[in-house]
Amino acid sequence: MSILVVGTVAFDHVKTPFDERANVLAGAATYFAIAASFFTQVSIVGIVGNDFTAEHERIFDVRGIDLSGLERRKDGKSFRWTGEYGYDFNTRTTLDTQLNVFADFQPRISPAQQEIPYLFLGNAHPSLQRDVRQQSRARLTAMDTMDFWIQGTPNELRETLRCVDLLIINDEEARQLARDPNIIRAAKAIMALGPKRLIVKRGEYGATLFGEDSFFAIPGFPQENVVDPTGAGDTFAGGVMGYLAATGSRLDEESLRKAMIYGSVMASFTIEAFGTERLLALTREEINERYRQFKTMTYFDGIEHSF
Ligand code: AMP
């Protein structure tokens, strides 16, 4: 089953202590769509400016991603983001965010896109996310958000949270959103706002799944080769939703747990290079091999006899 994603298609300027890249094709919808395209058909709803060229378009074509919902504007630039990492790749500083053509984007999704069963509201203005949610007849909706929107548009964000099934969000942002430094209490408070399930992303430390009465946690894939963590969160979400859509799953515990492993596997590849470079070179066999490694890494048996 296919997925509709709304979010930024952007150009990033990324600085790490070791290297720097400007004008990298990125954005929440880009990372999400490329990751999910390894599992199922993906359509993007978004907007780009006159800096988006035929060469950029080809990247999506290669992955079979439908861009019929990508509005192209001649009179401005695409969303642009500049961020910097310190030696701790788990935290980053946003140096600049330019909404550009994204500022007054009013998405209209086609009748065919309204019927797409899985919807991901990627990082974007929460009112825009809700607008797309209201136009869609999806049977499962997940969303992401970030500090920029939690601080800048808190009321709109609460409205949007009311109409989603699953929230996938960073650890720090979950605590910020709930205004509670304890993640267990924060998770409960967030689920009381609307989402039935919550996945908290914890960078290199993995991810945690919360339900009303359930808890599941996975480590991050032990990765020695981290070049640029940008996009890991969106790639993770692409792997999660890609697996759920490919298997026609809803929010059952077993499917969500496997989906989280696929999310982590996909994210572990993204961080090996700047932008989408590593994802674009990925093979199905590499994905499956890392999934198997994850299984070996986290397996432990029950207690058979007492000692
Ligand atoms: P992440 O997966 O969290 O590392 O997401 C990084 C991507 O999000 C970058 O490629 C940025 O272009 C994009 N981004 C940064 N800030 C925002 C924002 N406020 N809204 C939407 N997308 C953003």
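Procedures and definitions
- Residues numbered from 1 in each chain as written.
- Predicted model: local features only at pLDDT ≥ 70, side-chain atom pairs only at ≥ 80, totals over all residues.
- Heavy atoms only, no water.
- Helix = DSSP H or I, 4+ residues; strand = E, 2+ residues; numbered from the N terminus.
- Buried < 20%, exposed > 50% of the residue type's maximum accessible area, 1.4 Å probe, protein only.
- Contact = heavy atoms within 4.5 Å.
- Areas by Shrake-Rupley, 256 points an atom, 1.4 Å probe, with all protein chains shown as cover.
- Lys, Arg positive; Asp, Glu negative; His and termini not counted.
- Charge placed at Lys NZ, Arg CZ, Asp CG, Glu CD.
- Expected span 1.5 Å × (residues − 1).
- Arc of directions from axis to C-beta.
- Pairing = 2+ DSSP bridges.
- Axes fitted to C-alpha atoms, helices over the stretch in contact; angles between N-to-C directions.

1. Some words on the overall build of the chain
Here comes step 1: From N to C terminus, the chain includes 12 helices and 13 strands.
Here comes step 2: Counting only C-alpha atoms, the chain reaches 70 × 40 × 35 Å along its principal axes.
Here comes step 3: With 307 residues in all, the chain has 55% of them scored as buried.
Here comes step 4: Taking contacts inside the chain between residues at least 6 apart in sequence as the whole, the part at least 24 apart equals 63%.
Here comes step 5: Summed over all atoms, the accessible surface of the chain reaches about 14000 Å², with 49% contributed by carbon and sulfur.
Here comes step 6: Charge centroids of the chain, computed over 33 positive and 41 negative side chains, lie 5 Å from each other.

2. Considering helix α12 (residues 284-298)
Here comes step 1: Taking 1.5 Å per residue as the helical rise, α12 with its 15 residues ought to reach 21 Å, and the 21 Å between its terminal C-alpha atoms agrees with that figure.
Here comes step 2: Every buried residue belonging to α12 is among I287, R290, Y291 and F294, and all of these are buried. In an axial view of α12, the angular spread of the buried residues amounts to 105 degrees, which keeps them on one side of the axis. Seen from the open side of α12, the exposed residues pointing more than 90 degrees away from its buried face are K295 and T296.

3. Some remarks on the environment of S37
Here comes step 1: For S37, the location among the structural elements is in the loop between α1 (28-36) and β4 (42-48).
Here comes step 2: As a C-alpha pair, S37 and Q113 span 76 residues in sequence and 16 Å in three-dimensional space.

4. What to know about the sheet that holds strand β9 (residues 140-143)
Here comes step 1: Strands sit in the order β5-β4-β1-β8-β9-β10-β11-β12-β13 across an open sheet of 9 strands; the sheet is mixed. Each edge of the open sheet carries a strand with a single partner, namely β5 (66-72) and β13 (215-218). Sheet twist, expressed as the mean angle between neighbouring strand axes with direction ignored, is 15 degrees.
Here comes step 2: Judged from the 2 bridges that link them, β9 and strand β10 (residues 166-170) form a sheet pairing that is parallel. By the bridge assignment for β10, A142 is matched with L166.
Here comes step 3: Lying on the sheet, helix α4 (residues 126-135) is in contact with β1 (3-6), β8 (118-121) and β9; it crosses β8 at an angle near 170 degrees.
Here comes step 4: Sheet strands in contact with helix α9 (residues 232-246) are β1, β8, β9, β10, β11 (197-201) and β12 (207-210), and its direction is about 170 degrees off that of β8.

5. Some words on unusual backbone geometry
Here comes step 1: One non-glycine residue, N23, lies in positive phi territory at about 55 degrees.
Here comes step 2: If you trace the backbone, N23 turns up in strand β3 (residues 20-26).
Here comes step 3: Despite not being glycine, N100 has its phi angle at roughly 50 degrees, a positive value.
Here comes step 4: Examined against the element boundaries, N100 turns out to sit in the loop between β7 (92-98) and α3 (111-114).

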